[in-house]
Amino acid sequence: MKINLLELHPDEFKELLLRQVDKKFRIKQLLNWIYVHRILDPDLMSNIPADFKTFLKKEFSNFIPRILDKQISQDSSTKYLLELEDENRIEMVIIPREGRTTLCLSSQVGCARNCLFCATAKIGLIRNLYVHEILSQVFITLKELQDRKLTNIVFMGMGEPLDNYENVLKSIRILQHEEGFKFSPRRITLSTSGVIPRLNDLADSNLKVKLAVSLNSAIQEKRAEIMPLTKQYPLAELKKCLLNFRKKTSYRITFEYVMIKNFNLAAEDSQALIDFIGDISCKLNLIAWNKVDYLPYETPDENDIRDFLKAINKLSSAVTFRSSRGADINAACGQLAGQYY
Ligand code: SAH
């Protein structure tokens, strides 16, 4: 099988190609076409000699997922349905905000973690995405944005990124590499439901990336009810793991808390949240649960949100209530299910 041009790290290109081309600068030219000009078709790489083009066409694939559907929200977030080479489908969302544009991308087709409030979970895990499938979402976004700059990337689309650890880390390394996409580490966020062994690996990996943890309840039994992985990876251990993570890494952790009506907004919930995150240097992102028709939960009303915000106001962490974008086109957090549902 041919290797996709977006599957390789610049160092791998060098190792593989040094035997094929006589001059090092040819490899630089190739990397430049891919990551700077965003051209993957060797025929369009004008300064590359014919025999190198022939070699590239023989050894590498330049497949990019097809855009099957594109829906634009009233708030101008745009959701893309993409078809992969094996006809599996994933979704990504481009979210423009004042002064920045964020890509929310997928790391798996479906997800194995079965969080009860999330639409993607209903699909189950179909498979991990390859590096080129993760990066092609960035590639397509850069093309779609044309002159506008892509400022942030969040691994918050379909899938649990830490369950596709190797490919996600390699993608981030290519995104950040000087001869790759040259993305600043501060602008990439990996969001996880809390897979402790992989979080420990990430802490030791030397990779610079921002971390978001989907907490959603700081009470063991409650969290286990909506996030079954909590039974395997209990909150007390997650906390130890995150304190250790903070010692080894430079960025503050962001906790995400999906607010679910009549479930995680009572006094015991705010107190548990304060106890859990109060001594970690972190940010807290509150998100109202976005409706998924076939799930038995309810979105909180304004009073619920206000009361909860009041109850946690003694936290010294920076607290933000994030209004969800793209809800009218099912593009908001937790609503990505492709056309599987
Ligand atoms: N698996 C990773 C990344 C994907 S989910 C993780 O769990 O972090 C991205 C975020 O969307 C998580 O914080 C999750 O709790 C949240 N989410 C899932 N379903 C949601 C819904 N219906 N409404 C609002 N947020 C939701």
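Quick notes on the rules
- Residues numbered from 1 in each chain as written.
- Predicted model: local features only at pLDDT ≥ 70, side-chain atom pairs only at ≥ 80, totals over all residues.
- Heavy atoms only, no water.
- Domains from an automatic or database assignment.
- Contact = heavy atoms within 4.5 Å.
- Buried area = accessible area lost by both parts, 1.4 Å probe.
- Patch = residues over 30% accessible without salt bridge, like charges linked within 9 Å, V, L, I, M, F, W, Y side chains within 5 Å.
- Areas by Shrake-Rupley, 256 points an atom, 1.4 Å probe, with all protein chains shown as cover.
- Salt bridge = Lys/Arg side-chain N within 4 Å of Asp/Glu carboxyl O.
- Lys, Arg positive; Asp, Glu negative; His and termini not counted.
- Charge placed at Lys NZ, Arg CZ, Asp CG, Glu CD.
- Helix = DSSP H or I, 4+ residues; strand = E, 2+ residues; numbered from the N terminus.
- Buried < 20%, exposed > 50% of the residue type's maximum accessible area, 1.4 Å probe, protein only.
- Core = buried A, V, L, I, M, F, W, Y, C linked by side-chain atoms within 4.5 Å.
- Pairing = 2+ DSSP bridges.
- Right-handed = clockwise from strand over helix to strand, strands pointing away.

Caption draft 1: Structural detail: the domain arrangement of the protein. When its domains are assigned, the protein resolves into domain 1 (3–61) and domain 2 (73–329). Here the C-alpha centroids of domain 1 and domain 2 sit 34 Å apart. Domain 1 puts 17 residues into the contact, and the matching count from domain 2 is 16 residues. Interface area for domain 1 against domain 2, summed over the two sides, is near 1,400 Å², with a carbon-plus-sulfur share of 59%.

Caption draft 2: Just a positive patch on the surface, in detail. Together, Arg97, Arg100, Lys149, Arg186 and Arg187 make up a region of like positive charge exposed at the surface. The residue Arg187 is located in the loop between helix H5 (165–176) and strand S10 (188–192) in this model. Residue classification places Arg187 among the partly exposed positions, given a relative accessible area of 32%.

Caption draft 3: How the structure looks around the nonpolar core. Core analysis: the biggest nonpolar cluster contains 111 residues, and Phe13, Phe117, Phe181 and Phe255 have the highest contact counts within it. Two domains each put at least three residues into this core: domain 1 (3–61) and domain 2 (73–329). With residues near it in sequence (within four places) discarded, Phe255 still touches Val213, Leu215, Leu242, Phe276, Ile277, Ile280, Cys282, Lys283, Leu284 and Asn285.

Caption draft 4: The pairing of strand S14 (residues 318–322), seen in detail. Where strand S13 (residues 282–288) lies against S14, five bridges are found, and the strand directions are parallel. Across the sheet, the residue bridging to Ile287 is Arg322, located in S14. With helix H11 (residues 302–311) bridging S13 and its parallel neighbour S14, the resulting β-α-β unit is right-handed.

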